[in-house]
Amino acid sequence: NILGTIVGAIVEDKKLTVSVHYRLVSPADVVELRRLFWETIIPYDNVIKVLEGKKVFEVIPKIEWDKGKAVEWIRENISARNSLTMYLGDDATDEDAFAVLKDGVTVLITEVQEPSKAKYFLRDVSEVKKFFEMLLKLMADKNHAFSAY
């Protein structure tokens, strides 16, 4: 691992893709990390592409596939009547999914509201937790109300 010399760099092997996280890398070392990363990746430019997110490089196969296409595939291949698709994301790489889910609930998690195709915004993980707790409570209340009939 050529990035092993950079303290705080995390290389995540996802089998078909690789993510290089540098959120924990000191600002002084980010320039060197970026140089090493691109120097390593350039020879494979014909078969991979790189998506840049929030302090992460996502190395993926050079095919027409993104998170939006993945969401479409899942919705087409999983039959769930009367289902609502929810997608929460915190990165620019999630915008493709937000764009295709016109009839779903899309939530961008960001401290600074920025232009997005998401319909809703939450500030951080603590707000995501509250959101799911409220959703679970609503579902429990609804199920309880219907079970009386």
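Our subject is the structure that appears above.
Quantities reported herein were computed from a predicted structural model and do not represent experimental measurements.

*Asks:* Would you take a moment to explain the side chain of Glu95 for this structure?
*Replies:* Mapping Glu95 onto the fold places it in helix α3 (residues 95-100). No salt bridge is formed by the buried Glu95, whose closest oppositely charged neighbour, Lys117, lies at an N-O distance of 5.0 Å. Engagement of the side chain of Glu95 in a polar contact is seen with the side chain of Ser116, the distance being 2.7 Å. In contact with Glu95, not counting residues within four places along its chain, are Ser116, Lys117 and Ala118.

*Asks:* Any chance you could explain the sheet that holds strand β4 (residues 56-61) here in plain terms?
*Replies:* Strand pairing in a sheet relies on backbone hydrogen bonds. The paired strands run either parallel or antiparallel. Read from one edge of the open sheet, 4 strands run β1-β2-β4-β3, paired in antiparallel fashion. Edge positions in the sheet fall to β1 (10-13) and β3 (48-53), since each of these pairs with one other strand and no more. Direction aside, neighbouring strands of the sheet carry axes that sit 20° apart on average. Across 6 bridges, the pairing between β3 and β4 is antiparallel. Bridging across to β4, Val50 finds its partner in Val59.

What counts and how
- Residues numbered from 1 in each chain as written.
- Predicted model: local features only at pLDDT ≥ 70, side-chain atom pairs only at ≥ 80, totals over all residues.
- Heavy atoms only, no water.
- Helix = DSSP H or I, 4+ residues; strand = E, 2+ residues; numbered from the N terminus.
- Buried < 20%, exposed > 50% of the residue type's maximum accessible area, 1.4 Å probe, protein only.
- Lys, Arg positive; Asp, Glu negative; His and termini not counted.
- Salt bridge = Lys/Arg side-chain N within 4 Å of Asp/Glu carboxyl O.
- Polar contact = N/O pair within 3.5 Å; in protein donor to acceptor, adjacent residues only side chain to side chain.
- Contact = heavy atoms within 4.5 Å.
- Pairing = 2+ DSSP bridges.
- Axes fitted to C-alpha atoms, helices over the stretch in contact; angles between N-to-C directions.

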